[in-house]
Amino acid sequence: MPLDAICLRAVLHELRPQLIGARIDKVQQPARDQIVLLLRGNLRLLLNAGANQPRIQLTNILRDNPAQPPMFCMLLRKHLVGARVLSIEQPDLERMVILTLQCTDEFGEISQKQLVLECMGRRSNLVLLDAQGRIVECLRRVDADLSATRQLLPGLFYHLPTPLDKLSLLSQEDDSLALAQRGGDAEQAVDKWVLDHYTGISPLIAREFAFRAGHETDVRFGALNDTQRGALVQEFSDTANAVKAPLPGTITSIEVAVGQEVKAGDTVVVLEAMKMQNNIEAEKDGKVTAICVKPGQAVLEEDALVVIE
């Protein structure tokens, strides 16, 4: 299954505690579309920019490397060996990963570079950026003949892909839920409607939304009763409705338990950031249905902490 933005967000949530602060010891390119970063602590991070299964993951598989490393691999070795991972981010609900790295050049100067993995099917790519956001090199160069709107060439400033005209459950939660309450036309399939109106959702997850609401993957809006329409809205709410980390930091304590009733303003977790203890409060009344973090875990902005329904 292609990795959609929601699943990618969950993968990054699991990867951050293991990767942030780790140093890159080696860079390998076992296949044309694959880069493996060997990190201190015996971790192997696979960045796959292939059209069929673009993804980021930790792996234990030892892959054979070519006798002569490709030029892209040699360039990454020059810039990234010895670098430390500062952050791993996903822009909104895009199928993209941005690794921010602290690097030291041949003159001993410390700077930041970014390695951007675009997991977008046949347009997947891996791009290295300098401290100013200019492209140093990319796995696949995209010139004006390939794309009239977005070129990826060394020396150009990197720009994120133009967002689709769809709603994001992450950054447009209220609008997303309002649209889900209105629903679609009676003859419209629920899963197709979800794909047409919401970004970051794969056909598989869209069918799951439809099944949980109407107990069939190909159910149409006309076949849903009021209770089932409410269930569809609740599925969107469950996906979007999580307390988010307001700033990067480390979880020092968890003040609630699964099943506990909370009120808006109650402290749910304590986050250490900028050498200060910050109480993260519930945004609404409800019941804690999931705790997504544990004490000592590093979190970034917009990471889910506690789910409240």
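Since the structure is predicted, the reported quantities are computational estimates derived from the model, not experimental observations.

Turning next to the overall build of the protein chain. If you tally the helices and strands in the protein chain, you get 6 helices and 17 strands. Rg of the C-alpha trace for the protein chain: 21 Å, near the compact-globule value of 19 Å for 309 residues, within the 12% margin. Per-residue burial over the protein chain gives 46% buried out of 309 residues. Contacts spanning at least 24 positions in sequence make up 51% of the contacts within the protein chain whose residues lie at least 6 apart. Surface summary for the protein chain: the accessible area is close to 16100 Å², and the carbon and sulfur share equals 49%.

Next up on the list: the pairing of strand 11 (residues 249-254). Pairing between strand 11 and strand 16 (residues 298-299): 2 bridges, direction antiparallel. By the bridge assignment, Thr-250 is partnered in strand 16 with Ala-298. Here 4 bridges tie strand 11 to strand 13 (residues 267-273), and the two strands are oriented antiparallel to one another. Paired with Ile-254 across the strands is Val-269, a residue of strand 13.

Judged by nonpolar contacts, the single largest core of 33 residues is most densely connected at Leu-37, Leu-45, Leu-47, Ile-56, Leu-80, Leu-101 and Leu-115. Counting residues in each nonpolar core, the second largest holds 25 residues, with Leu-167, Ile-201, Ile-205 and Ala-240 among its members.

Here we take up a negative patch on the surface. Side chains of Glu-261, Asp-266, Glu-281 and Asp-285 sit close together on the surface and give a patch of like negative charge. Mapped onto the secondary structure, Glu-281 falls in strand 14 (residues 276-281).

The sheet built from 5 strands is open, its strands ordered 5-6-7-8-9 with antiparallel pairing. Bordering the open sheet on either side are strand 5 (84-89) and strand 9 (135-138), each of which pairs with just one other strand. On average, adjacent strands in this sheet sit at an angle of 20 degrees to one another, irrespective of strand direction. Here 5 bridges tie strand 7 (residues 110-118) to strand 8 (residues 125-129), and the two strands are oriented antiparallel to one another. Pairing of Gln-114 across the sheet is with Leu-129, part of strand 8.

Given a rise of 1.5 Å per residue, 15 residues ought to cover 21 Å, and the 21 Å separating the end C-alpha atoms of helix 6 (residues 226-240) matches this to within 8%. Within helix 6, burial applies to Gln-228, Leu-232, Val-233, Glu-235, Phe-236, Ser-237 and Ala-240. For helix 6, the N-terminal capping position is held by Asn-225, with its side-chain oxygen 3.1 Å away from the main-chain nitrogen of Thr-227.

For the rest of this paragraph, the subject is the pairing of strand 9. Taken residue by residue, a regular strand's side chains alternate between the two faces of the sheet. Sheet topology note: the strand 8/strand 9 ladder contains 3 bridges and is antiparallel. Following the sheet pairing, Leu-128 is matched in strand 9 by Glu-137. Remark: 5 residues form the turn of the hairpin made by strand 8 and strand 9, two consecutive strands paired antiparallel; Gly-133 in that turn has positive phi of roughly 85 degrees.

Before going further, it helps to spend a moment on the sheet that holds strand 4 (residues 55-58). Sheet architecture is open: 4 strands sit in the order 1-2-3-4, paired in antiparallel fashion. Two strands bound the open sheet, and with one partner strand each, they are strand 1 (24-31) and strand 4. Looking at each pair of strands side by side, their axes are set apart by 20 degrees on average, direction ignored. Note that strand 3 (residues 43-48) and strand 4 share 4 bridges and pair antiparallel.

Applying the stated criterion across every chain, the model contains 4 aromatic pairs. Relative to Tyr-198, the ring of Trp-193 lies with its centre 5.7 Å away and its plane at 70 degrees, an arrangement referred to as edge-to-face. Its relative accessible area of 2% is what places Trp-193 among the buried residues. A ring pair is formed by Tyr-198 and Phe-236, whose centres lie 4.6 Å apart and whose planes are at 35 degrees; its orientation type is tilted. Taken as a pair, Tyr-198 in the loop between helix 4 (190-197) and helix 5 (203-214) and Phe-236 in helix 6 lie far apart in primary sequence, 38 residues in all. Pair check on accessibility: Tyr-198 and Phe-236 agree, each one buried. Taken together through their ring pairs, the aromatic side chains of Trp-193, Tyr-198, Phe-209, Phe-221 and Phe-236 make up a single cluster.

In this section: the state of the cysteines. Scanning the model with the defined rule gives 0 disulfides in all. Left without a disulfide partner, Cys-73 is nearest to the cysteine sulfur of Cys-103, which lies 15 Å away. Free cysteine: Cys-138, not disulfide-bonded; nearest cysteine sulfur from Cys-119 at 15 Å. For Cys-138, a relative accessible area of 4% puts it in the buried group.

Our focus in this paragraph is the packing of helix 3 (residues 173-182) against helix 6. Running from N to C, helix 3 and helix 6 point in directions that differ by 165 degrees, and their axes come no closer than 9 Å. The orientation of helix 3 relative to helix 6 falls into the category roughly antiparallel. Considering the relative orientation of helix 3 and helix 6, their crossing is right-handed. Note on element contacts: helix 6 touches helix 3 through Arg-229, Val-233, Phe-236, Ser-237 and Ala-240, opposite Glu-173, Leu-177, Ala-180, Gln-181 and Arg-182. Grouping the amino acids of the contact of helix 3 with helix 6 by side-chain chemistry returns 5 nonpolar, 2 polar and 3 charged.

Reading the values: the criteria
- Residues numbered from 1 in each chain as written.
- Predicted model: local features only at pLDDT ≥ 70, side-chain atom pairs only at ≥ 80, totals over all residues.
- Heavy atoms only, no water.
- Helix = DSSP H or I, 4+ residues; strand = E, 2+ residues; numbered from the N terminus.
- Rg over C-alpha atoms; globule rule 2.2 N^0.38 Å.
- Buried < 20%, exposed > 50% of the residue type's maximum accessible area, 1.4 Å probe, protein only.
- Contact = heavy atoms within 4.5 Å.
- Areas by Shrake-Rupley, 256 points an atom, 1.4 Å probe, with all protein chains shown as cover.
- Pairing = 2+ DSSP bridges.
- Core = buried A, V, L, I, M, F, W, Y, C linked by side-chain atoms within 4.5 Å.
- Patch = residues over 30% accessible without salt bridge, like charges linked within 9 Å, V, L, I, M, F, W, Y side chains within 5 Å.
- Salt bridge = Lys/Arg side-chain N within 4 Å of Asp/Glu carboxyl O.
- Lys, Arg positive; Asp, Glu negative; His and termini not counted.
- Charge placed at Lys NZ, Arg CZ, Asp CG, Glu CD.
- Axes fitted to C-alpha atoms, helices over the stretch in contact; angles between N-to-C directions.
- Expected span 1.5 Å × (residues − 1).
- Polar contact = N/O pair within 3.5 Å; in protein donor to acceptor, adjacent residues only side chain to side chain.
- Phe/Tyr/Trp six-rings, centres within 6.5 Å; stacked < 30°, edge-to-face > 60°.
- Disulfide = S-S within 2.5 Å.
- Parallel < 35°, antiparallel > 145°, perpendicular 65-115°, else oblique.
- Left-handed = near helix turned anticlockwise from the far one by under 90°.
- Nonpolar A, V, L, I, M, F, W, Y, C, P; charged D, E, K, R; others polar.

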